[in-house]
Amino acid sequence: DVKVTQSSRYLVKRTGEKVFLECVQDMDHENMFWYRQDPGLGLRLIYFSYDVKMKEKGDIPEGYSVSREKKERFSLILESASTNQTSMYLCASKTPGQNYGYTFGSGTRLTVV
Amino acid sequence: SQKIEQNSEALNIQEGKTATLTCNYTNYSPAYLQWYRQDPGRGPVFLLLIRENEKEKRKERLKVTFDTTLKQSLFHITASQPADSATYLCALERDDKIIFGKGTRLHILP
């Protein structure tokens, strides 16, 4: 089975800190995604990547950046954390063009204080 | 704009009965429609995918229908069990772009 691993289940950071959320998948998937999920708002796409060193903005990229130096690893960076970035962050991966679903990590619950 | 609608109110179903969840969409022509299960504090887990040219798909106690004319999918869990209690998300995909509904919370009452 494909596994997507997010490095932390829970994180507490201070306002203004630089925050790194790591995601690793073990099935050689090209496509990787970062979402945040908030009550009443559902899943919102932050950034995605279709290849190494490639990145595309999703629907809510402001305040975030990403890095994909290796195919299996996709990192989300909060340059200067703010309280409105308190959320559940979910990483997902998929092989393009294949008709099966996305594989999600277990999520990182980030609290910015 | 593209829109997916799932019943935002929780659905309470008696154990053993069939639970039916609805997903409606507008302004979109998905190639695939997917259903996911999400437990509290966890990531969504993929359950089923149905293609635009398929009417119905089954997997164990799960059945999904897809009506591209009505722009609707129905997700059925037969012989429901308390362990089926979760939030269920539908998602529409075309050209490797996917949009998710906000999910419906399902409670199976013992």
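The paragraphs below set out a description of the structure included in this document. (Residues numbered from 1 in each chain as written. Chains lettered and ligands numbered in written order. Predicted model: local features only at pLDDT ≥ 70, side-chain atom pairs only at ≥ 80, totals over all residues. Heavy atoms only, no water.)

Before going further, it helps to spend a moment on the nonpolar core. All names here are of chain B. Among the nonpolar cores identified, the biggest contains 23 residues, and Trp-35, Phe-75, Tyr-88 and Leu-106 are the most heavily contacted of them. Elements represented by at least two residues in this core include exactly β3 (19–26), β4 (32–38), β5 (45–51), β7 (62–67), β8 (72–77), β9 (86–94) and β11 (104–109). If we skip the residues at most four places from it in the chain, Leu-106 touches Leu-11, Ile-13, Ala-19, Leu-21, Ile-77, Asp-84, Ser-85, Ala-86 and Tyr-88. (Core = buried A, V, L, I, M, F, W, Y, C linked by side-chain atoms within 4.5 Å. Buried < 20%, exposed > 50% of the residue type's maximum accessible area, 1.4 Å probe, protein only. Helix = DSSP H or I, 4+ residues; strand = E, 2+ residues; numbered from the N terminus. Contact = heavy atoms within 4.5 Å.)

Right, let's talk about the interface of chain A and chain B for a bit. The interface is formed by 22 residues belonging to chain A together with 18 residues belonging to chain B. Note on chain A versus chain B: buried area summed over both sides is about 1600 Å², and carbon and sulfur give 48% of it. Connecting chain A to chain B are 1 salt bridge. Ionic pairing is found between Glu-93 of chain B and Lys-94 of chain A, a salt bridge with its closest N-O pair at 3.5 Å. Among the elements of the structure, β5 (31–38), β6 (42–49) and β10 (87–94) of chain A are those that each provide at least two residues to the side of chain A that touches chain B. Residue classes in the side of chain A that touches chain B are distributed as 11 nonpolar, 9 polar and 2 charged. (Buried area = accessible area lost by both parts, 1.4 Å probe. Salt bridge = Lys/Arg side-chain N within 4 Å of Asp/Glu carboxyl O. Nonpolar A, V, L, I, M, F, W, Y, C, P; charged D, E, K, R; others polar.)

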